Amino acid sequence: MAQPLPSFDLYDADAPASPVVLSVPHAGRDYPLTMRAALRVPPATLVALEDRHADTLALGARGDEAMIVQRRARAWIDLNRSEQERDPAIDTGVSLKSLPAATAKLRGGLGLIPRRTASTGDIWRRKLDGEEVTARIVRDYRPYHAALRGLLAAARERFGVAVLLDVHSMPSLGAGQACLVIGDRFGRAAPSRMIARIEAEATAAGVPVALNVPYAGGHIIDTHADPARHIFAVQLEFDRALYLDGALDRPGDGLIATTALLRRIITAVADEALPGPAAIAAE
């Protein structure tokens, strides 16, 4: 039997030319027909769950870095959640008794399979069969994480160090608030001097920046960062207003400047990494 095609795109995966690996897990715009049939809301209303055109931003910024980009919509399955965050309210394959303690995201309807959005409420017309959810995990979720793990292992093998930049976008936090939030799991996922370089690039570009609040990094950072083995990880949350149009739907006038900022961040992180893992770890 033919194996299903992967639901993600890989770039420069064969021979890493940089210790930096880019991941874009939430920009997918593919809404499969089986998913559309189970929705109680139009797919267009689920754009709020997307990191709208974060893939366009990352593709414009990358040079020869390896990168992985998910094509499936986040509403299909959220790669930045644990496999354990299955929601019994919509998933017949789990129960409250079988789950570990529910996370705040899961309680809010944003588990492994998102249940609702703030603007539409519940998005599914029926409960999803447990086997259906398991199939999404096996066909889409695990292959993405396995491929990302392979990219980081290859970078570490060649350079002695690897750095994951997990690229996301966020709604505006409000006037005078940060337009870029850096998440390093409160210092557990990356060295402080690497974070300082990212902050410096944002400040020089006139982009207000915050660290870990309100986004400290999710499951991808937790899972793939391994500082003891010189594999570091940072989540980057860009305000969508920086690079989208006024409707926050299509790339806008700010895309060029935001792409240039991300490019400078990638270069700065690679520069911090390449002196060697010993220098970074000695901090």
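Structure shown above.
The rules we used
- Residues numbered from 1 in each chain as written.
- Predicted model: local features only at pLDDT ≥ 70, side-chain atom pairs only at ≥ 80, totals over all residues.
- Heavy atoms only, no water.
- Helix = DSSP H or I, 4+ residues; strand = E, 2+ residues; numbered from the N terminus.
- Rg over C-alpha atoms; globule rule 2.2 N^0.38 Å.
- Buried < 20%, exposed > 50% of the residue type's maximum accessible area, 1.4 Å probe, protein only.
- Contact = heavy atoms within 4.5 Å.
- Areas by Shrake-Rupley, 256 points an atom, 1.4 Å probe, with all protein chains shown as cover.
- Pairing = 2+ DSSP bridges.
- Salt bridge = Lys/Arg side-chain N within 4 Å of Asp/Glu carboxyl O.
- Phe/Tyr/Trp six-rings, centres within 6.5 Å; stacked < 30°, edge-to-face > 60°.
- Lys NZ or Arg CZ within 6 Å of the ring centre and 35° of its normal.
- Core = buried A, V, L, I, M, F, W, Y, C linked by side-chain atoms within 4.5 Å.

(A) Examining the overall build of the protein more closely. A tally of regular secondary structure across the protein gives eight helices and nine strands. Over its C-alpha atoms the protein spans a radius of gyration of 19 Å, differing by no more than 12% from the 19 Å that the globule rule assigns to 283 residues. For the protein, the C-alpha atoms occupy an extent of roughly 55 × 45 × 35 Å along the three principal directions. Across the 283 residues that make up the protein, the buried fraction comes to 51%. Put simply, of all contacts in the protein between residues at least 6 apart along the chain, 80% involve residues at least 24 apart. Accessible surface, the protein as shown: approximately 12,300 Å² in total, 55% of it carbon and sulfur.

(B) Structural detail: the pairing of strand 2 (residues 20–24). A large share of strand 2 lies buried, amounting to five of its five residues. With burial as the criterion, each face of strand 2 is covered, one bearing Val-20, Leu-22 and Val-24 and the other bearing Val-21 and Ser-23. Relative to strand 6 (residues 162–170), strand 2 runs parallel, the two sharing four bridges. Each residue of the ladder has a partner; that of Val-21, found in strand 6, is Leu-164. Across four bridges, strand 2 lies against strand 3 (residues 66–70) in parallel orientation.

(C) Quick peek at the side chain of Ser-23. Mapping Ser-23 onto the fold places it in strand 2. Every residue in contact with Ser-23, bar those within four places of it in the chain, is listed here: Ile-68, Tyr-144, Leu-148, Leu-164, Leu-165, Asp-166, Val-167 and Ile-220.

(D) How the structure looks around the pattern of salt bridges. Considering all chains together, one arrives at 22 salt bridges under this definition. Close ionic contact of Arg-29 with Asp-55 constitutes a salt bridge, the shortest N to O distance being 3.0 Å. On the criterion of sequence distance, the pair formed by Arg-29 in the loop between strand 2 and helix 1 (33–38) and Asp-55 in helix 2 (residues 54–61) is long-range, its members being 26 residues apart. Overall, the relative accessible area of 36% leaves Arg-29 in the partly exposed class. Across the pair Arg-126 and Glu-132 runs a salt bridge whose closest N-O atoms are separated by 3.4 Å. A relative accessible area of 38% places Arg-126 in the partly exposed class.

(E) Molecular detail of the packing of aromatic side chains. Following the criterion strictly, the structure yields one aromatic pair and no others. With centroids separated by 5.9 Å and ring planes inclined at 90°, the aromatic side chains of Phe-8 and Tyr-144 adopt a geometry described as edge-to-face. With a gap of 136 residues between them, Phe-8 in strand 1 (residues 8–11) and Tyr-144 in helix 4 (residues 130–159) connect regions that are remote in the sequence. Taking relative accessible area as the criterion, Phe-8 reaches 8% and is therefore assigned buried. Take Tyr-144: its relative accessible area is 0%, and that puts it in the buried class. Seen from the ring of Trp-76, Arg-136 lies directly overhead, with NZ or CZ sitting 3.8 Å from the centre.

(F) Broad picture of the nonpolar core. Met-35, Leu-46, Ile-77, Trp-124 and Leu-148 are the most contacted members of the largest nonpolar core, which totals 39 residues. Every element with two or more residues in this core is listed here: helix 1, strand 3, helix 4, strand 6, helix 6 (219–224) and strand 9 (231–239). With nine residues, the top contributor of residues to this core is helix 4. Contacts of Leu-46, omitting those with residues within four sequence positions, involve Tyr-31, Met-35, Leu-39, Val-41, Ala-75, Thr-117 and Ile-123. Core analysis: the next-biggest nonpolar cluster, separate from the first, contains 37 residues, Leu-57, Met-67, Val-161 and Ala-273 among them.

(G) Here's a closer look at the environment of Asp-87. Along the polypeptide, Asp-87 turns up in the loop between strand 3 and helix 3 (104–107). According to the relative accessible area criterion, Asp-87 is buried, its value standing at 6%. Sequence spacing of Asp-87 and Leu-46 is 41 residues, and the spatial spacing of their C-alpha atoms is 18 Å. Once residues lying within four places of it in the same chain are set aside, the contact partners of Asp-87 are Val-94, Leu-106, Gly-109 and Arg-115.

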